[in-house]
Amino acid sequence: MNTPQNADADNLKHQSNIGRLDDVDIHDWYRFVYAYSDRVITSLVDEFDIEQDDLLIDPFNGTGTTTLAAKKLGIDSIGTDTSPASVLSARCKTNWDVDLDEFRSRRSELLSTLQPIFKQISSQGNTTLDSFGSSDGDEVDLSQYDFTEPKKTPKGWLSEKPLKKMEVLKYHVEEMPDNDVTDLFRLAMIAILPEDVGNVRFGPEATRDRKQEGDKDVFTILKNKLQEIEDDLESVQQAMAAGEVDPGEAEILRADARKLADTLREESELLNSDKHEGEVDYLITSPPYPAEHDYTRNQRLELIWLNAADDNKDLQKIKKANIRSHTKNIYVADDEGEQVNIRENDRVDSIVAEMERIIEEEDISHGFGKYYPRVIEEYFAGMQHHFEQVYDLLAPGGKAAYVVGDSGSYWQVEVETAKILGELAQNRVGFEEPEVNLWRNMAATTADYDDIEENVLILTKPE
Ligand SMILES: C[S@@+](CC[C@H](N)C(=O)[O-])C[C@H]1O[C@@H](n2cnc3c(N)ncnc32)[C@H](O)[C@@H]1O
């Protein structure tokens, strides 16, 4: 942690890193609708005075905003998530030592393989030349490719020709050796899928956008994405070679945040290194909250293209590892709420009671509404288990910041998420009195509900 005599030097180091890497975005290689801005991290790093000796974690790291921001600031970090697409994203964004020559040569080989095939697919069924090229020249044999639409693809999310092109791309990426250069191709592939190649719109939930349907210039879309990645990596590698930046180390692992300490103690090299001696200094994250956000649906195409959601079993594995935060990931066997007697918390109890009253009065026996009370119970109980793990990992005096929204998604019953989480962390886990600071007001997703608050909950482990 910071001491007065080195605080200025550290801040300067942060500033110079930020200045040098200002134009190197990297965040945009792949983002999803639930990603937060790296401004959250930089302002909390300042507020907490986090310095370069510290270890920062993000247990709900998503596409990797925290770990990338930390790396840019010269701070070591560990990021975990349950989604293979997010883990891949965070890993690529924080691996700046990748062999760029190898990347370039593989890229030209891949693009020259794809170009004639994509042209041919575009011109299939066309009697005139289409906008992406003609079918003149030799016909390519397409019989090695399987063009069947993957079972779990939501209807209409990919039009016929873009689907075929993405199947061809997948085939060739899978033929590459399994290493970090290939990870960049995997990332480029999934990054372009939903909105650039597919017909998906996020509002914030994913829906089919009929206006997007039809053929797409997947070749140029992919080429541009690979170029963006190359440009950013070239800039950071030049800056590192010139000694102009001193990036932090980052380690990205797949883990359920409810088993965080157990997993990190077993698997993390950074946590167990001589520098960090098994202790985490800070945590900055944006966890799920009860609001019907279905992470595995929003990333459905990405997960399918990474072979992580081909059937129900694969998908359920990810869903079951997730904190229960919406009605489509509640299971009969879920009993975390009961295990920790979550309704002994008065706020949780009154929310659940209010929902049960509505269910009874309105005689709701079908649809997802009947699961609302269970989402609330399982969500808060899951987060309590997570806090226990964080308490175990944090150094005495360590701080954790959770950027989390309140919720009115369920019959407008108000759920003051940050306040309740703070009570559970203090009364049941042992953290000091929590702080809840307003981060911003978000437009509510239900039209008839006022803006809802997004707060930063700050927890401190006693010295
Ligand atoms: C609000 S998003 C985080 C977004 C992230 N800040 C970013 O900028 O991309 C919440 C994340 O929590 C992950 N998640 C849900 N349950 C989890 C669990 N039990 N353990 C770890 N990650 C989980 C989801 O996959 C999702 O990526």
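Trainee: How should the overall build of the protein be read in this particular structure?
Mentor: Secondary structure summary: the protein contains 16 helices and nine strands in total. Against the 2.2 N^0.38 benchmark of 23 Å for 463 residues, the protein shows a C-alpha radius of gyration of 24 Å, consistent with a compact globule. Each principal axis of the C-alpha atoms in the protein carries an extent, and together these give about 75 × 65 × 40 Å. Expressed as a percentage of the 463 residues in the protein, the buried residues total 56%. When contacts within the protein are restricted to residue pairs at least 6 apart in sequence, long-range pairs at least 24 apart make up 76% of them. When the accessible surface of the protein is summed, it comes to about 20300 Å², and 43% of that surface belongs to carbon and sulfur atoms. Positive and negative side-chain charges of the protein, numbering 50 and 96 respectively, have mean locations separated by a distance of 6 Å.

Trainee: Is there a simple way to explain the sheet that holds strand β2 (residues 76-81) in this structure?
Mentor: Pairing between the strands of a sheet comes from backbone hydrogen bonds, and it takes one of two forms, parallel or antiparallel. Taken together, the seven strands give an open sheet; going across it, the order is β5-β2-β1-β6-β7-β9-β8, and neighbouring strands pair in mixed fashion. At either margin of the open sheet sits one strand with a lone partner, and together these are β5 (250-254) and β8 (435-442). In this sheet, adjacent strand axes meet at a mean angle of 15° when their direction is disregarded. Bridge count between strand β1 (residues 55-58) and β2: four bridges; the pairing is parallel. By the bridge assignment, aspartate 58 is partnered in β2 with glycine 79. Strand contacts of helix α3 (residues 65-73): β1, β2, β5 and β6 (280-285), with the helix running at about 170° to β2, the strand carrying the most contacts.

Trainee: Looking at this structure, how should I read the nonpolar core?
Mentor: In terms of nonpolar packing, the biggest core is built from 59 residues, with Met166, Leu222, Leu233 and Trp305 touching the most fellow members. Among the secondary structure elements, those contributing two or more residues to this core are α4 (84-94), α5 (100-123), α6 (160-174), α7 (180-197), α8 (218-241), α11 (300-305) and α12 (312-321). The dominant element in this core, judged by the number of residues it contributes, is α7, at 11 residues. Of the domains in this structure, domain 1 (4-86 + 244-295 + 310-460) and domain 2 (100-239) are the two that each give at least three residues to this core. Residues in contact with tryptophan 305, not counting those within four places in the same chain, are Pro150, Leu158, Leu163, Met166, Glu167, Lys170, Met189, Ile190 and Leu193. Counting 52 residues, the second-largest nonpolar core is a separate cluster that includes Ile78, Ala257, Val340 and Tyr379.

Trainee: What is the right way to read the site of the ligand from this model?
Mentor: The environment of the ligand is formed by 21 residues, the closest being Thr63, Thr65, Asp81, Ala257 and Ala321. Here alanine 257 contributes a backbone N or O atom positioned 2.8 Å from a nitrogen atom of the ligand. Here a nitrogen atom of the ligand and a backbone polar atom of isoleucine 323 are 3.0 Å apart. For the ligand, the accessible surface in isolation is 600 Å², of which the surrounding protein chains cover 98%.

Trainee: How do you make sense of the environment of threonine 80 when you look at a structure like this?
Mentor: With respect to the helices and strands, the residue threonine 80 is situated in strand β2. A C-alpha to C-alpha distance of 33 Å links threonine 80 and serine 108, two positions 28 residues apart in sequence. Excluding its chain neighbours within four sequence positions, the residues that come into contact with threonine 80 are Asp58, Pro59, Phe60, Asn61, Leu253, Ala255, Leu260 and Leu264. In this structure the side chain of threonine 80 is engaged in a polar contact, spanning 3.0 Å, whose partner is the backbone oxygen of proline 59.

Trainee: Is there a simple way to explain the domain arrangement of the protein in this structure?
Mentor: You'll often see interface size given as the accessible area lost when the parts meet. As assigned here, the protein comprises domain 1 (4-86 + 244-295 + 310-460) and domain 2 (100-239). The C-alpha-based centres of domain 1 and domain 2 are spaced at 33 Å. Every contact between the two is made by 21 residues of domain 1 and, on the other side, 17 residues of domain 2. Summing the contributions of domain 1 and of domain 2, the shared interface buries around 1600 Å²; its carbon and sulfur component is 66%. It is Trp29, Tyr30 and Val33 in domain 1 that bury the most area against domain 2; as a group they hold 40% of the surface buried on that side. In this assembly, domain 1 and domain 2 are joined by zero salt bridges. Between domain 1 and domain 2 we count eight residue pairs in polar contact (both at pLDDT 80 or more) in total. Classifying every residue of the side of domain 1 that touches domain 2 gives 10 nonpolar, three polar and eight charged.

Trainee: I keep staring at α8 and nothing clicks. Help me out?
Mentor: Because an α-helix completes one turn every 3.6 residues, residues spaced three or four positions apart along the sequence face the same direction. With 24 residues, α8 extends 34 Å from end C-alpha to end C-alpha; this agrees with the ideal 34 Å at 1.5 Å per step. By the burial criterion, the buried members of α8 are Val218, Phe219, Leu222, Lys225, Leu226, Ile229, Glu230, Asp232, Leu233, Val236 and Ala239. Among the residues trailing α8, glycine 243 stands out with phi positive, at a value near 70°.

Rules behind the numbers
- Residues numbered from 1 in each chain as written.
- Predicted model: local features only at pLDDT ≥ 70, side-chain atom pairs only at ≥ 80, totals over all residues.
- Heavy atoms only, no water.
- Helix = DSSP H or I, 4+ residues; strand = E, 2+ residues; numbered from the N terminus.
- Rg over C-alpha atoms; globule rule 2.2 N^0.38 Å.
- Buried < 20%, exposed > 50% of the residue type's maximum accessible area, 1.4 Å probe, protein only.
- Contact = heavy atoms within 4.5 Å.
- Areas by Shrake-Rupley, 256 points an atom, 1.4 Å probe, with all protein chains shown as cover.
- Lys, Arg positive; Asp, Glu negative; His and termini not counted.
- Charge placed at Lys NZ, Arg CZ, Asp CG, Glu CD.
- Pairing = 2+ DSSP bridges.
- Axes fitted to C-alpha atoms, helices over the stretch in contact; angles between N-to-C directions.
- Core = buried A, V, L, I, M, F, W, Y, C linked by side-chain atoms within 4.5 Å.
- Domains from an automatic or database assignment.
- Near = heavy atom within 4 Å.
- Polar contact = N/O pair within 3.5 Å; in protein donor to acceptor, adjacent residues only side chain to side chain.
- Buried area = accessible area lost by both parts, 1.4 Å probe.
- Salt bridge = Lys/Arg side-chain N within 4 Å of Asp/Glu carboxyl O.
- Nonpolar A, V, L, I, M, F, W, Y, C, P; charged D, E, K, R; others polar.
- Expected span 1.5 Å × (residues − 1).

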